[in-house]
Amino acid sequence: MDYKKAGVDIEAGYKSVELMKEHVKKTMREEVLGGLGGFSGAFSLAKIKEMEEPVLLSGTDGCGTKVKLAIILDKHDTIGIDAVAMCVNDIACAGGEPLFFLDYIACGKNYPEKIADIVKGVAEGCLQSEAALIGGETAEHPGLMPEEDYDLAGFAVGVCDKKEMITGEQLKAGDVLIGMASTGVHSNGFSLVRKVFEQEMTREGLETYYEELGATLGEALLAPTRIYVKALKAVKQAGVTVKACSHITGGGFYENVPRMLKEGTRAVIKKDSYPVPPIFGMLAKKGDVPEEMMYNTFNMGIGMIVAVDPADAEAAMAAIRTAGDTPYVIGSIEDGEKGVTLC
């Protein structure tokens with residue numbers, strides 16, 4: 001008896017590392033010390049000394065059951081973008097710059113080419129957010145997971161000067177809410193998505209083209225989560241102060257928007273102020289999902305919301321556009337009970 005007969009292939013692990021090295025190399029920043037393969041990832045904090053009061057920000061998350069669609073379609077090169085996005089968007093939302101990322105892949109069996117494909121997506125997410133991929137782990141779990149299954153999660157660390165943290169403390173009535181377009185469902189609500197499209201959760205079903213989507217169902221649902229790091233950085237570089245920010249993830253508008261508010265302020269968002277991607281209408285209709293539940297589960301086409309002074313709204317919108325994102329004025333801040341009104 002040996003480890004391979006027990007279900008863990010060490011040689012496959014070595015091959016996975018070799019195949020992923022080219023992708024990881026592209027994400028390196030000058031602060032990264034050493035290469036891939038050490039027991040820990042090393043990152044120099046020399047530059048942080050330039051800040052008055054540096055604050056480290058961290059985020060950890062996964063892609064939820066969206067991974068199941070990647071498995072059904074045998075398409076694994078974008079799901080890693082989702083894992084990075086979920087972590088770095090949270091860091092950027094607090095005013096931070098993501099510095100580095102680590103991934104964790106648990107699988108029933110290590111197929112080196114598949115693992116390398118997953119890491120390719122992780123590396124692409126790191127490139128989009130300018131974070132270095134400095135380490136990770138691939139763990140085979142024979143007997144715990146089916147051979148074809150895997151799960152993906154990650155952890156990111158960022159930094160910002162305390163004076164530049166986005167806290168919501170300066171919010172006031174009249175501030176403008178700007179929403180940045182999402183690429184679709186992102187990485188939240190997929191348990192409901194899979195239930196609604198239960199009959200379509202086959203390769204054939206997901207590869208079916210829908211005129212209303214302008215894509216196959218699988219393409220619409222697997223579209224990678226948008227990374228907003230560069231957009232928020234562009235707003236900052238334009239000299240605009242972001243007073244509050246919300247990453248619209250699990251819990252949709254009703255759970256996430258109040259997190260950006262201080263007591264005594266209320267967000268009022270106009271549902272018709274931006275185009276809702278057709279995948280959400282399709283979900284609501286097919287699943288007979290009430291509108292309130294849709295806005296309490298999904299991003300409904302808005303992945304990030306910032307609050308700025310009315311005088312800064314145009315400059316903020318222009319900066320977001322230069323970063324390649326699409327902004328919409330979707331509402332404003334009013335005095336009132338902390339919460340969100342959708343009208």
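This text follows the structure it describes.
The shown structure was predicted, so the numbers you read here are calculated from the model rather than taken from an experiment.

Asker: Would you take a moment to explain the overall build of the protein for this structure?
Answerer: Secondary structure summary: the protein contains 12 helices and 14 strands in total. In terms of C-alpha radius of gyration, the protein reaches 21 Å, essentially the compact-globule figure of 20 Å for 343 residues. In terms of principal-axis extent, the alpha carbons of the protein reach across some 70 × 55 × 30 Å. Within the span of the protein, comprising 343 residues, buried residues form 52% of the whole. Long-range pairs, those at least 24 residues apart, make up 85% of the contacts in the protein between residues at least 6 apart in sequence. With an accessible surface of roughly 15800 Å², the protein has 51% of that area assigned to carbon and sulfur atoms. In the protein, which carries 35 positive and 51 negative side-chain charges, the distance between the mean positions of the two groups comes to 2 Å.

Asker: Just to check I follow, could you spell out the nonpolar core for this structure?
Answerer: Taken as a class, soluble globular proteins show a tendency for nonpolar side chains to be buried jointly. In terms of nonpolar packing, the biggest core is built from 95 residues, with Leu221, Phe253 and Ile305 touching the most fellow members. With 10 residues, helix H3 (residues 79–93) is the single largest residue contributor to this core. Those residues in contact with phenylalanine 253, other than ones at most four positions away along the chain, are Ile248, Pro258, Ile269, Tyr274, Tyr295, Phe298, Asn299, Met300, Ile302, Ile305, Val340 and Leu342. Val32, Ile48, Leu99 and Phe100 belong to the second largest nonpolar core, which has 9 residues in total.

Asker: What is the right way to look at the pairing of strand E12 (residues 302–308) in this model?
Answerer: Consecutive residues of a regular strand have side chains that alternate between opposite faces of the sheet. Burial within E12 is extensive, with 7 of its 7 residues counted as buried. With 6 bridges connecting them, strand E7 (residues 176–181) and E12 associate as antiparallel partners. Its bridge partner lying in E12, methionine 180 is registered against methionine 304.

Procedures and definitions
- Residues numbered from 1 in each chain as written.
- Predicted model: local features only at pLDDT ≥ 70, side-chain atom pairs only at ≥ 80, totals over all residues.
- Heavy atoms only, no water.
- Helix = DSSP H or I, 4+ residues; strand = E, 2+ residues; numbered from the N terminus.
- Rg over C-alpha atoms; globule rule 2.2 N^0.38 Å.
- Buried < 20%, exposed > 50% of the residue type's maximum accessible area, 1.4 Å probe, protein only.
- Contact = heavy atoms within 4.5 Å.
- Areas by Shrake-Rupley, 256 points an atom, 1.4 Å probe, with all protein chains shown as cover.
- Lys, Arg positive; Asp, Glu negative; His and termini not counted.
- Charge placed at Lys NZ, Arg CZ, Asp CG, Glu CD.
- Core = buried A, V, L, I, M, F, W, Y, C linked by side-chain atoms within 4.5 Å.
- Pairing = 2+ DSSP bridges.

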